[in-house]
Amino acid sequence: MLRRQFILLGIAASLTACSTRSRGPIGADGLPVQQVYRINPSDTGDIQFRMLDSVNALRQAAGVPAVALDARLNAAATTHSRDMSVQNRPWLFGSDGSSPLDRANRAGFQGVLLGENISETYETELETLAAWMSQESTRTVVLNPEARFMGFSWFQESAGKIWWTMNMGSDPAISQQNTALQPAPAVVAAR
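First, a word on scope: everything that follows refers to the structure included in this document.

Conventions we followed
Residues numbered from 1 in each chain as written. Predicted model: local features only at pLDDT ≥ 70, side-chain atom pairs only at ≥ 80, totals over all residues. Heavy atoms only, no water. Buried < 20%, exposed > 50% of the residue type's maximum accessible area, 1.4 Å probe, protein only. Helix = DSSP H or I, 4+ residues; strand = E, 2+ residues; numbered from the N terminus. Pairing = 2+ DSSP bridges. Contact = heavy atoms within 4.5 Å. Axes fitted to C-alpha atoms, helices over the stretch in contact; angles between N-to-C directions. Expected span 1.5 Å × (residues − 1).

### Some remarks on helix α5 (residues 125-133)
Within α5, 8 of the 9 residues are buried, leaving the element largely enclosed by the surrounding structure. Listing the buried residues of α5 in full gives Glu125, Leu126, Glu127, Thr128, Leu129, Ala130, Trp132 and Met133.

Following this line, the structure appears as structure tokens:
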């Protein structure tokens, strides 16, 4: 088990090294000068598929099935990323009190929302994924073996801060099948 975690952390670190952001000039202290990672609207597909490929590489290393992007989960992630910026805090609840499950349902996702990861950062998507993989609670969301679909989006403020949101959901067909197999709740008559 410990070996698997080291392998996953190694993959996450190498993904960070593959980031498209150039390291730029080195400051007088020998450290890279901080640069803002700017996202153009035309980069959306590239960023989402780069994240999908990276997540699936990590999932394969962990021995769990790959996920596919889902437009409805992407929409829920987009909504929440923008809302976190409005609230100016990274947190799982919307300004209207909505939960991650509420947002997925509103966007029309028919499966079960298994988890949501969020981040407030100036880092790239791959650096953010590496940070999620370094924490057990967020790593569990990325590697959930029941996940079949992923939503991933962000909102970038004018100063460069990025609000990232990742959603993981189950296969709607399996979710509906499991619901159909469960016994109906008992009805108790009032006297």
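So, next bit.
### What about the sheet that holds strand β2 (residues 113-121)?
Strand pairing in a sheet relies on backbone hydrogen bonds. The paired strands run either parallel or antiparallel. On the basis of which strands lie adjacent, the open sheet formed by 4 strands has the order β1-β3-β4-β2 and mixed pairing. In the strand order of this sheet, the two ends are held by β1 (68-69) and β2, each with one partner. Pairing analysis gives 8 bridges linking strand β3 (residues 149-156) to strand β4 (residues 162-169), with the strands arranged antiparallel. If you follow Phe149 over to β4, its bridge partner there is Gly169. Sitting on the sheet, helix α2 (residues 44-62) touches β1, β3 and β4, and the angle it makes with β3 is about 135°.

### Details of α2
The terminal C-alpha atoms of α2, which comprises 19 residues, lie 27 Å apart, in line with the 27 Å expected from a rise of 1.5 Å per residue. All of the buried residues along α2 are Ile47, Gln48, Met51, Leu52, Ser54, Val55, Asn56, Leu58, Arg59 and Ala62. Just downstream of α2, Gly63 is the residue with a positive phi angle, here 80°.

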